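# Observations on the three-dimensional arrangement
One letter stands for each residue in the lines below.
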Amino acid sequence: KMQVFSLMVWFGLQTAAFLVYPMFKLWQRLYSYGRFSVNLIFVFVLLVYNASAHYIVISTISTYDLFPVPALVLLVEQLRFTMKSYSFIRENAYKVLYPWHKDD
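Basis of the calculations
- Residues numbered from 1 in each chain as written.
- Predicted model: local features only at pLDDT ≥ 70, side-chain atom pairs only at ≥ 80, totals over all residues.
- Heavy atoms only, no water.
- Phe/Tyr/Trp six-rings, centres within 6.5 Å; stacked < 30°, edge-to-face > 60°.
- Helix = DSSP H or I, 4+ residues; strand = E, 2+ residues; numbered from the N terminus.
- Polar contact = N/O pair within 3.5 Å; in protein donor to acceptor, adjacent residues only side chain to side chain.
- Contact = heavy atoms within 4.5 Å.
- Axes fitted to C-alpha atoms, helices over the stretch in contact; angles between N-to-C directions.
- Parallel < 35°, antiparallel > 145°, perpendicular 65-115°, else oblique.
- Nonpolar A, V, L, I, M, F, W, Y, C, P; charged D, E, K, R; others polar.
- Core = buried A, V, L, I, M, F, W, Y, C linked by side-chain atoms within 4.5 Å.
- Buried < 20%, exposed > 50% of the residue type's maximum accessible area, 1.4 Å probe, protein only.
- Expected span 1.5 Å × (residues − 1).

Before going further, it helps to spend a moment on the packing of aromatic side chains. Using the criterion set out here, one finds 7 aromatic pairs in the structure. Joined through ring pairs, the aromatic side chains of Tyr21, Phe24, Trp27, Tyr31 and Phe88 make up one cluster.

This is how it looks when you write it as structure tokens:
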């Protein structure tokens, strides 16, 4: 029963990780309208996204008193999703901020 619950939490994290791309595309479209304010809003959204994902994993582990292995798997997977989203944003933000530069 706990394995199924852990898998459901992981599936929710995976689904949330897929939301990074549409949010990035929205930021890309809105960037030309108000750079500073749009950047502040989307940085705040990214921080809330990461904080809430970490909170959900930690509260799930503590609420349901998961065994060490499923708890470790959820924590490591959440870290992996955070690193993947950061890497995606880091690699592609340069193309939005400096579109006149050529990539090699």
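This next bit is on the side chain of Ser85. Its location among the elements puts Ser85 in helix H4 (residues 68-97). At 2.9 Å, the side chain of Ser85 forms a polar contact with the backbone oxygen of Thr82. Setting aside chain neighbours within four positions, we find Ser85 in contact with Val20, Tyr49 and Asn50.

Our next topic: the packing of helix H1 (residues 2-18) against H4. In a packed pair of helices, the relevant descriptors are the angle between the two axes and the axis-to-axis distance. Put simply, H1 and H4 touch, their axes get as near as 10 Å, and they point 5° apart. The orientation of H1 with respect to H4, classified from their angle, is roughly parallel. Contacts between H1 and H4 involve Ser6, Val9, Trp10, Leu13, Gln14 and Ala17 from the former and Pro70, Leu74, Glu77, Gln78, Arg80 and Phe81 from the latter. A breakdown of the residues in the contact of H1 with H4 according to their chemical character gives 7 nonpolar, 3 polar and 2 charged.

Time to look at the packing of H1 against helix H2 (residues 20-30). It is the contact of H1 with H2, at a shortest axis distance of 4 Å, that shows an interaxial angle of 20°. Considering their axes alone, H1 and H2 lie roughly parallel with respect to each other. In this structure, H1 uses Ala16, Ala17 and Phe18 to contact H2, whose residues at the interface are Val20, Tyr21 and Pro22. Classifying every residue of the contact of H1 with H2 gives 6 nonpolar, no polar and no charged.

Another point: the nonpolar core. Counting 9 residues, the largest nonpolar core consists of Val9, Leu13, Ala53, Val57, Ile61, Leu66, Ala71, Leu74 and Phe81. Counting residues per element, the ones that place at least two in this core are H1, helix H3 (35-64) and H4. Core analysis: the next-biggest nonpolar cluster, separate from the first, contains 7 residues, Phe24, Tyr31, Val38 and Ala93 among them.

Moving on, we get to H3. Between its first and last C-alpha, H3 extends 43 Å over 30 residues, near the 44 Å set by a 1.5 Å rise per residue. Considered for burial, the residues of H3 that qualify are Val38, Phe42, Asn50, Ala53, Val57, Thr60 and Ile61. Against H1, H2 and H4 lie the buried residues of H3.

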